[in-house]
Amino acid sequence: QVQVVESGGDLVQAGESLRLSCTASGLTFVLYAMGWFRQAPGKEREGVSSINWSSGNTIYADSVKGRFTVSRDSAKKTLYLQMNSLKPEDTAMYYCAAAPYSHETFSEDLYKYWGQGTQVTVAS
């Protein structure tokens, strides 16, 4: 059984940094992608970043390029999202998800396993 758990959300000031973590237990697929998504109140969920777990290839939403960095620790089976220069518009619930048999992608249909989310609030 796959379990995905996020952590690290917090209330920060604009310009500050935050690192989110995501542990995914039970993943036995040779090929899969992990992704970070976010959903702000009244808005649709959007892809933030995704990484091909095997190759390390990554993609980012235009809104976070140059500020956010996704990485993984294969030994710890942990995914990270380093968020720098945070803006109030980054405020959202951040979700981690796993997409079996997939390369890096923002196609939500491919993500079969989701965490409960961790709240990030950026005050101006």
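The structure displayed is predicted, hence computed values, not measured ones. (Residues numbered from 1 in each chain as written. Predicted model: local features only at pLDDT ≥ 70, side-chain atom pairs only at ≥ 80, totals over all residues. Heavy atoms only, no water.)

Draft legend 1. Structural context of the sheet that holds strand 1 (residues 3-7). Read from one edge of the open sheet, four strands run 1-3-8-7, paired in antiparallel fashion. Of all strands in the sheet, those bounded by a partner on one side alone are strand 1 and strand 7 (68-73). Sheet twist, expressed as the average angle between the axes of neighbouring strands with direction ignored, equals 15°. Here six bridges tie strand 3 (residues 18-25) to strand 8 (residues 78-83), and the two strands are oriented antiparallel to one another. Looking across to strand 8, one finds that Arg19 is bridged to Gln82. (Pairing = 2+ DSSP bridges. Helix = DSSP H or I, 4+ residues; strand = E, 2+ residues; numbered from the N terminus. Axes fitted to C-alpha atoms, helices over the stretch in contact; angles between N-to-C directions.)

Draft legend 2. Local environment of the nonpolar core. Counting residues in each nonpolar core, the largest one holds 30 residues, and the members touching the most others are Met34, Trp36, Leu79, Leu81, Met83 and Tyr94. Mapped onto this core, the elements with two or more residues apiece are strand 3, strand 4 (32-39), strand 5 (46-52), strand 7, strand 8, strand 9 (92-100) and strand 11 (118-123). Sequence-distant contacts of Tyr94, that is, excluding residues within four places in its chain, are made with Glu6, Leu20, Phe37, Arg38, Val48, Phe68, Leu81, Met83, Gly117, Thr118 and Val120. Core analysis: the next-biggest nonpolar cluster, separate from the first, contains five residues, Phe37, Ala97, Ala99 and Tyr111 among them. (Core = buried A, V, L, I, M, F, W, Y, C linked by side-chain atoms within 4.5 Å. Buried < 20%, exposed > 50% of the residue type's maximum accessible area, 1.4 Å probe, protein only. Contact = heavy atoms within 4.5 Å.)

Draft legend 3. Representation of the packing of aromatic side chains. Scanning the entire structure with this criterion turns up five aromatic pairs. Considering the side-chain rings of Tyr32 and Trp53, the 5.6 Å spacing of their centres and the 20° angle between planes classify their relative orientation as stacked. Residue Tyr32 is found in strand 4, and its partner Trp53 is found in the loop between strand 5 and strand 6 (58-60); the two are separated by 21 residues along the sequence. Neither residue differs from the other here; Tyr32 and Trp53 are each classed as buried. (Phe/Tyr/Trp six-rings, centres within 6.5 Å; stacked < 30°, edge-to-face > 60°.)

Draft legend 4. Examining the state of the cysteines more closely. Counting across every chain of the model gives one disulfide. The side chain of Cys22 participates in a disulfide bridge whose partner is Cys96; the two sulfur atoms lie 2.0 Å from each other. One quick way to see it: the torsion about the S-S bond of Cys22 and Cys96 is about -75°, and its sign makes the bridge left-handed. Taken together, the positions of Cys22 in strand 3 and Cys96 in strand 9 put the pair 74 residues apart, joining distant regions of the chain. Overall, Cys22 belongs to the buried group, its relative accessible area being 1%. Cys96 sits in the buried class, given a relative accessible area of 0%. (Disulfide = S-S within 2.5 Å.)

Honestly, it's all geometry; don't read function into it.
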